[in-house]
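# Structure assessment
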Amino acid sequence: MRKIQMVDLNGQYEDIKNQVNDSIAEVLESSAFINGPHVHAFQKELEDYLGVKHVIPCANGTDALQICMMGLGLQPGDEVITADFTFAATVEVIALLNLTPVLVDVEPDTFNIDIEAIERAITPKTKAIVPVHLFGQCANMDAIMELADKHNLFVIEDNAQAIGATYSWASGKKMKSGTIGHVASTSFFPSKNLGCYGDGGAIFTNDDDLAHTIRGIVNHGMYERYYHDVVGVNSRLDSIQAAVLRAKLSKLDEYNQKRWQAATKYSKAFQGQDHIVVPKIACACGSAQNTCDCHVFHQYTLRILNGKRDALVKHLNENNVPCGVYYPVPLHKQKAYVDSRYKEEDFPVTNQLVKEVISLPMHTELDDEQIQYITNLVIDFVNH
Ligand SMILES: *Cc1c(COP(=O)(O)O)cnc(C)c1O
């Protein structure tokens, strides 16, 4: 059996090596390292793929989130609601901009932000909601857009983990994740579903004025060279990363398909296990189909119900199966974000999930033998 990796980028590279090497060489020969033709071409190709009017590339997914909030003109003291169970970047930029983070609980089956918890958290100071499409599946955007509409709030989708996922509205209409809210951010960190070979990120919006504002913000607040109209940042995607992303974007659906197939095999193997809860696919396609793009499985995350999660992590590692705990601490308990406003009884789900979740290896190169080895190890250990 091949060595099992949590994320395996080498197989992907072997497959696109010629194209990637040639285009990187071309960037080196041309010296167009910043704002070169690959950056513009990638922007256009991603706009077409997503069906969104504007893609603004930037340096990473954290910058992308911050720039979304700057672009919307959020002001110190404005309240921004987001999930307690996510990567810290989301709350970090809210705090950095002196906005007030309002963390709320999530749903136990999809791990995504809980709609009733959002509703309870809305005050006259609330200006925005940041749903994170956690682990590759969209939050309930029907309900979130309706709430935002009713209370006149901005919706910023943190799409770092779900690029390529399709959201189905209750009406049956389908849209790509990150094109539904007022603006969205994504990350091209190497291990993301669409990853480059360094850091990268992007912002998406269908709003022409907001796109214009954001294009200035990413470039030191300049709309005309050396005239600085607003306080901006320096956040660029470089040409080498754009060249890599172009090669990978054309394969994104295929990559996500392979993740879906691996996830389906995992879930099938865990069927009927009393102590193991497999991730719920919230969309209508169901797990029977072999080709669905409503969940792109950035992570395949189980809940272990009988208290053996930590022991299972150790057991898998001892048997050369890497795994991850995303995330071990709720954001409201992280030292940087502790606040007397938060009450433990408001976070029953997150407080439980942090003790139960375990993410198994998930990438495009998993084979059946590896999946069987992993699932057998998990099942045997959890039941004994
Ligand atoms: C990865 C990630 C980010 C940050 O992206 P970087 O490119 O690493 O800055 C933000 N939000 C979520 C949910 C992420 O998973």
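Scroll up a little and you will see the structure.
On a predicted model such as this, the values are computed, not experimentally measured, just so you know. (Residues numbered from 1 in each chain as written. Predicted model: local features only at pLDDT ≥ 70, side-chain atom pairs only at ≥ 80, totals over all residues. Heavy atoms only, no water.)

The largest bend in helix H1 (residues 10-30) is about 75 degrees, located at Ile-16. If you follow the buried residues of H1, they end up packed against helix H2 (37-50), helix H8 (239-249) and helix H9 (252-269). At the exit of H1 stands Ser-31, carrying a positive phi of roughly 60 degrees. (Bend = angle between axes of the 7 residues up to and from the residue. Helix = DSSP H or I, 4+ residues; strand = E, 2+ residues; numbered from the N terminus. Contact = heavy atoms within 4.5 Å.)

The tally for this structure, following the rule as stated, stands at two cavities of 30 Å³ or more. If you go around the largest cavity, the residues you meet are Asp-109, Thr-110, Phe-111, Leu-134, Phe-135, Gln-137, Pro-279, Lys-280, His-295, Gln-299, Tyr-300 and Thr-301. Both domains that furnish three or more residues to the lining of the largest cavity are identified here as domain 1 (9-105 + 112-249) and domain 2 (252-382). There is about 40 Å³ of room inside the second largest cavity. Around the second largest cavity sit Leu-9, Gln-12, Pro-190, Lys-192, Asn-193, Lys-248, Tyr-255, Arg-259 and Thr-364, which together line it. If you count residues domain by domain, the lining of the second largest cavity takes at least three from each of domain 1 (9-105 + 112-249) and domain 2 (252-382). (1 Å grid on protein atoms, 1.4 Å probe; cavity = no way out; pocket = protein on both sides within 12 Å on 5 of 7 lines; lining within 4 Å. Points joined across faces, edges and corners; volume = space filled by probe spheres on them. Domains from an automatic or database assignment.)

A few words on the pattern of salt bridges. According to the stated counting rule, one finds 16 salt bridges in the structure shown. In this structure, Asp-78 and Lys-127 form a salt bridge, with 3.4 Å as the shortest nitrogen-oxygen distance. Taken as a pair, Asp-78 in the loop between helix H3 (61-71) and strand E2 (79-83) and Lys-127 in strand E4 (residues 126-130) lie far apart in primary sequence, 49 residues in all. Its relative accessible area of 11% is what places Asp-78 among the buried residues. Here Asp-293 and Lys-176 are joined by a salt bridge, their closest N and O atoms 3.9 Å apart. Of this pair, Asp-293 sits in the loop between strand E12 (276-277) and strand E13 (300-304) while Lys-176 sits in strand E7 (residues 174-176), and the two are 117 residues apart along the sequence. When its relative accessible area of 13% is taken as the criterion, Lys-176 is described as buried. (Salt bridge = Lys/Arg side-chain N within 4 Å of Asp/Glu carboxyl O. Buried < 20%, exposed > 50% of the residue type's maximum accessible area, 1.4 Å probe, protein only.)

Right, let's get into the state of the cysteines. Per the stated rule, a full pass over the model turns up one disulfide. Not part of a disulfide, Cys-68 finds its nearest cysteine sulfur in Cys-58, a span of 8.0 Å. You can call Cys-68 buried: its relative accessible area is 0%. With no disulfide of its own, Cys-196 has Cys-58 as its nearest cysteine by sulfur position, at a separation of 11 Å. In this structure Cys-196 comes out as buried when scored by relative accessible area, which is 0%. (Disulfide = S-S within 2.5 Å.)

Attention shifts here to the side chain of Thr-90. The topology assignment puts Thr-90 in helix H4 (residues 89-96). In terms of polar contacts, Thr-90 uses its side chain to reach the backbone carbonyl oxygen of Phe-87, at 3.2 Å. Not counting residues up to four positions away in its chain, the partners in contact with Thr-90 are Leu-65, Met-69, Thr-82, Val-130, Val-132 and Asp-158. (Polar contact = N/O pair within 3.5 Å; in protein donor to acceptor, adjacent residues only side chain to side chain.)

Let's shift gears to the nonpolar core. Grouped together as the largest cluster of nonpolar side chains are 36 residues, with contacts concentrated most on Ile-81, Phe-85, Val-104, Ile-113, Ile-118 and Ile-144. Put simply, the parts of the chain that give this core at least two residues each are E2, strand E3 (100-104), helix H5 (115-121), helix H6 (141-151) and helix H11 (348-356). The element best represented in this core is H6, accounting for six residues. In this structure, Tyr-300, Leu-360, Leu-377 and Val-378 belong to the second largest nonpolar core, which totals 30 residues. (Core = buried A, V, L, I, M, F, W, Y, C linked by side-chain atoms within 4.5 Å.)

The next subject is the layout of surface pockets. Estimates place the volume of the largest pocket at around 480 Å³. Among the secondary structure elements, those contributing two or more residues to the lining of the largest pocket are H3, H4 and strand E8 (183-187). Grouping the amino acids of the lining of the largest pocket by side-chain chemistry returns 11 nonpolar, 12 polar and four charged. (Nonpolar A, V, L, I, M, F, W, Y, C, P; charged D, E, K, R; others polar.)

Next up on the list: the site of the ligand. Within the structure, the ligand sits among Asn-60, Gly-61, Thr-62, Thr-86, Phe-87, Ala-89, Val-132, Asp-158, Ala-160, Gln-161, Ser-187 and Lys-192. At 2.7 Å from an oxygen atom of the ligand is found a main-chain nitrogen or oxygen belonging to Gly-61. Across the complex, the protein chains shield 91% of the 390 Å² of accessible surface that the ligand would expose by itself. Among the residues forming the shell around the ligand, the class breakdown is four nonpolar, six polar and two charged. (Near = heavy atom within 4 Å. Areas by Shrake-Rupley, 256 points an atom, 1.4 Å probe, with all protein chains shown as cover.)

Next up on the list: the sheet that holds strand E14 (residues 357-360). Pairing is antiparallel in the open sheet, where three strands are placed in the order E12-E13-E14. At either end of the open sheet lies a strand with only one pairing partner, and these are E12 and E14. Contacts from helix H10 (residues 309-318) reach E13 and E14, with the element oriented near 25 degrees to E14. (Pairing = 2+ DSSP bridges. Axes fitted to C-alpha atoms, helices over the stretch in contact; angles between N-to-C directions.)

From the geometry alone we can't say anything about function, so treat these as descriptive.
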